[in-house]
Amino acid sequence: MDVTWYLVLSALLFAIGAAGVLIRRSPLVILLCLELMLNAGNLALVAFARDRGDQDGQVFALIVMVVAACEVVVGLGLIVAMFRRRLPLNVDEMRDLRG
Amino acid sequence: MVEVAFFAGAIGAVAGAVGVIALRNPFYSVLALVVHLVALAGLFLLLYAQFVAAAQVVVYAGAVMVLYVFVAAYVGEVEEPIWEPIPGQRFLAPLLAAALFVELSIAILGTGLSSLDSEGPTLPIGFGSPEAIGNLLLERFLVVFEAASMLLLVAAVGAVVLAGRTRVAPAGARDEVPHPVSPDDRSPSAPYAAEPAAPSAPEPAASEQARMTGRPSGSLVGEGEASGGGVP
Amino acid sequence: MSATTYAWLVLAFPLAGCLVNAFGWRLLPGRAAGWIGTGAIALAFVNSIAALVVLLDKPASGRELTSSLWTYASAAGLDVKLGILVDPLSVFMILVVSGVSMLIHLYSISYLESDRGYTRYFSYLNFFVFSMLLLILAGNFVLLIVGWAFVGFASYALISFWYRRNTATTAGMKAFVINVIGDVGLVLAAFFIFRELGTFDYLPMFESAPEQFATNEGVVVAICLLILVGAFAKSAQLPLHTWLPDAMEGPTPVSALIHAATMVTAGVYLIARMHPLFVEAPTAADISAFIGLATLIFAATVALAVTDLKRIIAYSTISQIGYMVVGVSIGAYAAGLFHLMSHAFFKALLFMAAGSVIAAMAGTQNIDRMGGFRRALPFTSSLLIVGALALAAFPGTSGFFSKDEILAFAAERGGFYWILAIGGYVGAFLTAIYAFRIVFRVVYREPCPEARELEQGHLAHAEPQNPMTGEKEDTDVGFPGPEHQIAERAWPMALAMAALGLAAIFGGLVQVPGVDHVLDTFLEPTFEDSPLFRDIHVSTGDAWLGLGVGGVLGLLGIATAYYLYVVAPQTPERLRARAHAAYVFLVNKWYFDELYDALVYRPLIAVGRFANTVLERVVVQGIVAGTVGAVRGVGMVVRGAQSGFVRAYALLVVGGFAALGLYFLIVSS
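Not measured: the values here are computed from a predicted model.

Visitor: Would you mind going over the overall build of chain A with me for this structure?
Guide: Secondary structure assignment for chain A yields three helices and zero strands. In chain A, buried positions account for 69% of the 99 residues. Long-range pairs, those at least 24 residues apart, make up 58% of the contacts in chain A between residues at least 6 apart in sequence. On chain A, roughly 3000 Å² of surface is accessible, and the fraction owed to carbon and sulfur atoms is 69%.

Visitor: Would you mind showing me how to read the overall build of chain B here?
Guide: Along the backbone of chain B there are nine helices and zero strands. Along its sequence from the N terminus, chain B presents helices and strands in the succession α-α-α-α-α-α-α-α-α. Here chain B holds 232 residues, and 37% of them are scored as buried. Across chain B, the fraction of contacts at a sequence separation of at least 24, relative to all contacts at a separation of at least 6, is 60%. Accessible area for chain B stands at about 13000 Å²; split by element, carbon and sulfur atoms hold 72% of it.

Visitor: How should the interface of chain B and chain C be read in this particular structure?
Guide: Frequently, the measure chosen for interface size is the accessible area that the parts lose on association. On the side of chain C, eleven residues touch chain B, which itself brings eleven residues to the contact. A combined buried area of about 1000 Å² lies between chain B and chain C, and 75% of that area is made up of carbon and sulfur atoms. There are zero salt bridges connecting chain B and chain C. For the pair chain B and chain C, the number of links is two residue pairs in polar contact (both at pLDDT 80 or more).

Visitor: Quick question: what am I supposed to make of empty space enclosed by the protein here?
Guide: Unfilled space is identified by rolling a water-sized probe across the atoms. Residue and element names in this part refer to chain C. One pass over the full model with this rule turns up one cavity of 30 Å³ or more. Along the walls of the largest cavity sit His241, Thr242, Pro245, Tyr315, Lys589, Phe592 and Asp593, which together make up its complete lining. Looking at the lining of the largest cavity residue by residue, the classes come out as three nonpolar, two polar and two charged.

Visitor: I'm lost on the nonpolar core in this one. Help?
Guide: General note: in soluble globular proteins, nonpolar side chains tend to be found buried as a group. Judged by nonpolar contacts, the single largest core of 226 residues is most densely connected at Phe128, Phe141, Met274, Leu277 and Phe373 of chain C. At 21 residues, helix H15 (residues 333-360) of chain C tops the list of elements feeding residues into this core. Those residues in contact with Phe128 of chain C that sit more than four places away from it in its chain are Val151, Ala154, Leu158, Leu257, Ile258, Thr262 and Met263 of chain C. Grouped together as the second largest cluster of nonpolar side chains are 73 residues, Leu28, Met65 and Val72 of chain A together with Phe141 of chain B included.

Visitor: I'm lost on the environment of Ala175 of chain C in this one. Help?
Guide: Residues and elements named next belong to chain C. Along the chain, Ala175 falls in helix H6 (residues 166-197). When its relative accessible area of 1% is taken as the criterion, Ala175 is described as buried. In this structure, the C-alpha to C-alpha distance between Ala175 and Leu240, residues 65 residues apart in sequence, is 9.7 Å.

Visitor: I keep staring at the interface of chain A and chain B and nothing clicks. Help me out?
Guide: The interface is formed by 79 residues belonging to chain A together with 99 residues belonging to chain B. Carbon and sulfur atoms make up 72% of the surface buried where chain A meets chain B, a total of about 8100 Å² over both sides. Looking only at chain A, the three residues that lose the most surface to chain B are Met1, Arg50 and Arg85 of chain A, adding up to 10% of its buried area. The closest approach of N and O atoms between Asp56 of chain A and Arg140 of chain B, which form a salt bridge, is 2.9 Å. Linking chain A with chain B are twelve residue pairs in polar contact (both at pLDDT 80 or more), by the criterion used here.

Visitor: Please clarify how the packing of helix H2 (residues 27-52) of chain A against helix H3 (residues 56-84) of chain A should be interpreted in this entry.
Guide: When two helices pack together, you describe them by how their axes are tilted relative to each other and by the distance separating the axes. All names here are of chain A. Interaxial distance between H2 and H3 falls to 9 Å at its minimum, and their mutual angle equals 175 degrees. In terms of axis orientation, H2 runs roughly antiparallel to H3. When its residues are assigned to classes, the contact of H2 with H3 shows 17 nonpolar, four polar and two charged.

Visitor: Any chance you could explain the side chain of Gln89 of chain B here in plain terms?
Guide: Mapped onto the elements, Gln89 of chain B comes out in helix H4 (residues 89-109). Assessed through its relative accessible area of 1%, Gln89 of chain B is described here as buried. If we skip the residues at most four places from it in the chain, Gln89 of chain B touches Leu22 of chain A, Glu84 and Pro94 of chain B together with Arg647, Ala648 and Leu651 of chain C.

Visitor: What is the right way to look at the side chain of Thr262 of chain C in this model?
Guide: All names here are of chain C. On the secondary structure map, Thr262 appears in the loop between helix H10 (252-261) and helix H11 (266-273). Overall, the relative accessible area of 0% leaves Thr262 in the buried class. Contacts of Thr262, omitting those with residues within four sequence positions, involve Val97, Ser101, Phe128, Met132 and Leu257.

Visitor: Help me out: how do you make sense of the pattern of salt bridges in this one?
Guide: If the charged atoms of two oppositely charged side chains come close together, the side chains can form a pair. Residues and elements named next belong to chain C. Applying the stated criterion across every chain yields a total of twelve salt bridges over all chains. Among the salt bridges present, the one from Arg273 reaches Asp87, with a minimum N-O distance of 2.9 Å. Linking Arg273 in helix H11 with Asp87 in the loop between strand E2 (78-86) and helix H3 (88-111), this pair joins segments that are 186 residues apart in sequence. Side by side, Arg273 and Asp87 carry an identical accessibility label, which is buried. For the salt bridge of Asp597 with Arg602, the shortest nitrogen-to-oxygen distance reads 2.8 Å. Linked by salt bridges that have partners in common, Lys174, Asp246, Lys589 and Asp593 make up one network.

Visitor: Looking at this model, I keep getting lost on the packing of aromatic side chains. Mind explaining?
Guide: What describes a pair of aromatic rings is the distance from one ring centre to the other and the angle between the planes of the rings. Summed over the entire model, instances satisfying the criterion amount to 32 aromatic pairs over all chains. Between Tyr118 of chain C and Phe122 of chain C the ring centres are 5.0 Å apart and the planes differ by 65 degrees, which places this aromatic pair in the edge-to-face class. In this pair, Tyr118 of chain C and Phe122 of chain C both sit in helix H4 (residues 118-137), four residues apart, roughly one turn of the helix. Residue class for Tyr118 of chain C comes out buried when judged on its relative accessible area of 1%. According to the relative accessible area criterion, Phe122 of chain C is buried, its value standing at 0%. The ring of Phe645 of chain C carries Arg95 of chain A above its face, with NZ or CZ at 4.0 Å from the centroid.

Visitor: Would you take a moment to explain unusual backbone geometry for this structure?
Guide: Residues apart from glycine generally show negative phi values, whereas peptide bonds are mostly found in trans. All names here are of chain C. Here Leu238 and Pro239 are connected by a cis peptide whose omega angle stands at -10 degrees. Relative to the assigned elements, Pro239 resides in the loop between helix H8 (218-235) and helix H9 (243-246). For Ala236, which is not a glycine, the phi torsion comes out positive at approximately 55 degrees. Unlike most non-glycine residues, Ala393 shows phi in positive territory, near 60 degrees. Residue position: Ala393 is located in the loop between helix H16 (378-391) and helix H17 (398-413).

Visitor: What am I meant to see in the pairing of strand E1 (residues 65-75) of chain C here?
Guide: For a regular strand, the rule is simple: side chains alternate between the two faces of the sheet. All names here are of chain C. Pairing of E1 with E2, which is carried by eight bridges, proceeds in the antiparallel orientation. Of the residues in E2, the one forming a bridge with Ala75 is Leu78. A loop of two residues connects E1 with E2, the two strands running antiparallel in sequence, and Ala76 in this loop sits at a positive phi of about 50 degrees.

Visitor: Explain a negative patch on the surface to me, please; I cannot follow it from the model alone.
Guide: A cluster of acidic side chains, namely Glu64, Glu207, Glu211, Glu524, Glu528 and Asp529 of chain C, defines a negative patch on the protein surface. Relative to the helices and strands, Glu528 of chain C resides in the loop between helix H21 (518-527) and helix H22 (531-535).

Visitor: What exactly am I supposed to notice about a nonpolar patch on the surface here?
Guide: A surface patch of nonpolar side chains, amounting to about 720 Å² of accessible area, comprises Phe610, Val614, Leu615, Val618, Val619, Val620, Ile623, Val624 and Val628 of chain C. Note that Leu615 of chain C resides in helix H26 (residues 592-639).

Visitor: Would you mind showing me how to read helix H1 (residues 3-23) of chain C here?
Guide: An α-helical turn contains 3.6 residues, so any two residues separated by three or four positions project in the same direction. Residue and element names in this part refer to chain C. With 21 residues, H1 extends 30 Å from end C-alpha to end C-alpha; this agrees with the ideal 30 Å at 1.5 Å per step. Along H1, the residues that are buried comprise Ala3, Thr4, Tyr6, Ala7, Trp8, Val10, Leu11, Pro14, Gly17, Cys18 and Asn21. Buried residues in H1 make contact with helix H2 (32-57), E1, E2, H3 and H4.

Visitor: Could you clarify how one ought to interpret the packing of H4 of chain C against H10 of chain C in this entry?
Guide: Residues and elements named next belong to chain C. Contact pair H4 / H10: the axes reach a minimum separation of 11 Å and the direction vectors enclose 5 degrees. When the interaxial angle is binned, H4 and H10 end up roughly parallel. Contact residues: H4 offers Tyr121, Leu125, Phe128 and Val129, while H10 offers Pro253, Val254, Leu257 and Ile258. Residue composition of the contact of H4 with H10, by class: eight nonpolar, no polar and no charged.

Visitor: Help me understand the confidence of the model for chain B, please; the structure alone is not making it clear to me.
Guide: Caution applies to low-pLDDT parts of the model: their predicted coordinates are not meant to be read in detail. Residues and elements named next belong to chain B. This prediction gives chain B a mean pLDDT of 76; 69% of its residues lie at or above 70. Here residues 182-232 is modelled with pLDDT under 50, and outside its nearest four sequence neighbours on either side it reaches 72 contacts, counting other chains as well. Under the prediction, the complex receives an ipTM of 0.93, its pTM being 0.69.

Visitor: Which parts of the structure should I look at to understand the environment of Glu119 of chain B?
Guide: With respect to the helices and strands, the residue Glu119 of chain B is situated in the loop between H4 and helix H5 (130-138). Using a relative accessible area of 43% as the deciding quantity, one classes Glu119 of chain B as partly exposed. For the pair Glu119 of chain B and Leu47 of chain B, spaced 72 residues apart in sequence, the C-alpha separation works out to 9.6 Å. Not counting residues up to four positions away in its chain, the partners in contact with Glu119 of chain B are Met1, Asp2, Val3 and Arg50 of chain A.

Rules used throughout
- Residues numbered from 1 in each chain as written.
- Chains lettered and ligands numbered in written order.
- Predicted model: local features only at pLDDT ≥ 70, side-chain atom pairs only at ≥ 80, totals over all residues.
- Heavy atoms only, no water.
- Helix = DSSP H or I, 4+ residues; strand = E, 2+ residues; numbered from the N terminus.
- Buried < 20%, exposed > 50% of the residue type's maximum accessible area, 1.4 Å probe, protein only.
- Contact = heavy atoms within 4.5 Å.
- Areas by Shrake-Rupley, 256 points an atom, 1.4 Å probe, with all protein chains shown as cover.
- Buried area = accessible area lost by both parts, 1.4 Å probe.
- Salt bridge = Lys/Arg side-chain N within 4 Å of Asp/Glu carboxyl O.
- Polar contact = N/O pair within 3.5 Å; in protein donor to acceptor, adjacent residues only side chain to side chain.
- 1 Å grid on protein atoms, 1.4 Å probe; cavity = no way out; pocket = protein on both sides within 12 Å on 5 of 7 lines; lining within 4 Å.
- Points joined across faces, edges and corners; volume = space filled by probe spheres on them.
- Nonpolar A, V, L, I, M, F, W, Y, C, P; charged D, E, K, R; others polar.
- Core = buried A, V, L, I, M, F, W, Y, C linked by side-chain atoms within 4.5 Å.
- Axes fitted to C-alpha atoms, helices over the stretch in contact; angles between N-to-C directions.
- Parallel < 35°, antiparallel > 145°, perpendicular 65-115°, else oblique.
- Phe/Tyr/Trp six-rings, centres within 6.5 Å; stacked < 30°, edge-to-face > 60°.
- Lys NZ or Arg CZ within 6 Å of the ring centre and 35° of its normal.
- Pairing = 2+ DSSP bridges.
- Patch = residues over 30% accessible without salt bridge, like charges linked within 9 Å, V, L, I, M, F, W, Y side chains within 5 Å.
- Lys, Arg positive; Asp, Glu negative; His and termini not counted.
- Charge placed at Lys NZ, Arg CZ, Asp CG, Glu CD.
- Expected span 1.5 Å × (residues − 1).
- pLDDT = per-residue confidence, 0-100.

Printed below as a string of structure tokens:
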């Protein structure tokens, strides 16, 4: 398969992830959609690594995975904390930034 | 053969993605994401990234997703209201995402990079193998590797702090930094502002919370300690 | 010590007196401020005499001395020093000013005894004398303007001395505004002088003037006309005269000093000082002379009609200054200045006597209510008669010699200057009439109630009120004090009046035609560069002829007044009835105030009102409020984007990203 296919797939997955972030209201699901976007990026990286014959892209993808893991930890910690305080798990309720 | 594998992986990935954003129950969304991740792992294999694929399955789908499962189970069902408070969001979000996809596709398909039209160069044996990746990590990307480790450490500590146990402190001996109370704190985000005065919980920390009226949205650290006290 | 050192001392003492009174007013006991002020001026007078003596020691050609303290302004080719010029003209003026001021200060010590603002008064008065002396002694045009402005301020401060009286403060403002018009003329003249002659110092200026200007060249005529604007504003000539009658709101000694003897003569001094320029611009000089003539006659006619004692004397001042202006404009410098001197004597005397009479009348100033003070106020009455005789140019008095000398000079010049001479004689006739109108009204006739009271030995008192409008006042600071003083009971007043009376009678003897010409000789070094001064001499015979005509007219005037006011006292009534329109015209001062009100005041107020309602409220406020509204509106719109919804922000991020991508796609295609 041409690398192009992988790249288009990556774009599609990214777009789906973005749409998900914008549409869903539960913080948990939003985090999941973020994962989608990160993985789409990973796919693009690995595809380019294949295309250039250079493994740097794969290392990059690994590091992205590490970062994603850290981010998930923190995000889920936040969700748990919110749940513990009986705050509604709905990003629309968090409007303190309102001008 | 490769094409079949590609399309299998692609359809799986897309299906999983759509499932994540479409399914109501967050638990199902998590499961959909797992499917997506495994499909991606397959695609990685097609791209001669064996180690990355293995890491994807073991770390991402195995560990991170399990974390998600735990939290989803803990948090439980979330009622997402049907009505959309932000005007135009329901319409604009898919539109903009589609626009994004289209633009990226045009960029990819119309690119001057000729190499993208091929499968890529012939790869040496051991391309993408754990040995090769390991060499890279410890030689060329050593600093990056160490930095990533530091990041993991920080995240772990942060997680512990975020969801840590309550320190049972005597009432009034708050050592949190007082912060200015603005009048807008009380308005629209009512549940968040009313939090300190929340009456319901039959927890021993509730009395301390009640004494904290007038201090809405206090620091997460201190109040986490207060309310975490009642959790067994 | 040199003459210039004495001159500096002449300036220093009044300034010191002013400052001592101004800053030490809490410490000074009782009425010490008055004596300090008078003493300061007395010292100035003594130093003036010393300067005169030292100056006379020098040969005639060496009598123009300059001295400067330090550089006042130095920039762009301009070099103005704080310098004085001591020459016969300035010494003459400072003698007159300091001498008369000294006597008026003496008079004021008693006159304003009961006034709460006593120390402030003497501080202002000393400041005024300092400013006037500065104006006279200034050796360059800039310092003259400084002195001019100070004198204007002093006049304002003293006119509105009783500052709680609305009429007084209004009059002060009127005087100041008209003064400023004159100042503008002077400053513009200064610009032209600097541009043409390159210097402000008098001696270099006057030396280069004949070379620089052709006769009647446009620019020198312009300079002279601008100087005339300043001079006429200060000296209350047509058309800038309206402030002087209103300035009678000030205390009577102030009227005597500033508005009779000294400040209003500053314009005459200016024209005399600037005579080299006027010699180059005969047109301007002629205009000046004819305006002086017009003023002279105008003021004399009004003085016949108005009934307020001080205002009659004020119009008399305007008229007499008209004579002086005529004198210095046509080249009769010595005569004009002689008249300045004698006028200072008899006018100050008249005001002082008027002050005493008004005190006896408990503040009323209307002569129709006065009468028969000859037994109640013998001293005042006799000195009033002396002053009136000098004013009317009764033969032998100082006014006789001075006024008619001007007219004789005018006749000598011939040609159309005869108009000046004839007009001057007509004015002299009218002057005699109104001068003795005052005398016959106040001194003769049946005693009025206040006079009767005074004959009993009891000084009349009345409710304090504004003599013009009748508004009730009190006697606290800002209004006149409760006690009025009459000369018979206060020796400083009597002494001052007596001194002036003697000067008024005998002062004319310095310049009797054919006998002596002290002033001519003395002033010669200053004026010898003027061809008019050098070449035109009135022969003794012609001079005595002119004096004779003047004397006859004066006596006729006195006789007419006698007829009108003593023999047939109902005649004025009948005249008034028959020529009612003319009477109204005169009593309303030829409607000058109303004219200015319509021409200047109302349009300006209308412009101001327009500026307020339209420009300020609509345009400026509109722009400001509009900007505020616009900003607020934009803010409200932008605020809509701050919804607080995280998802909305994320939408904007994605949208921005999509837009950016679109842009790059378009650009790269």
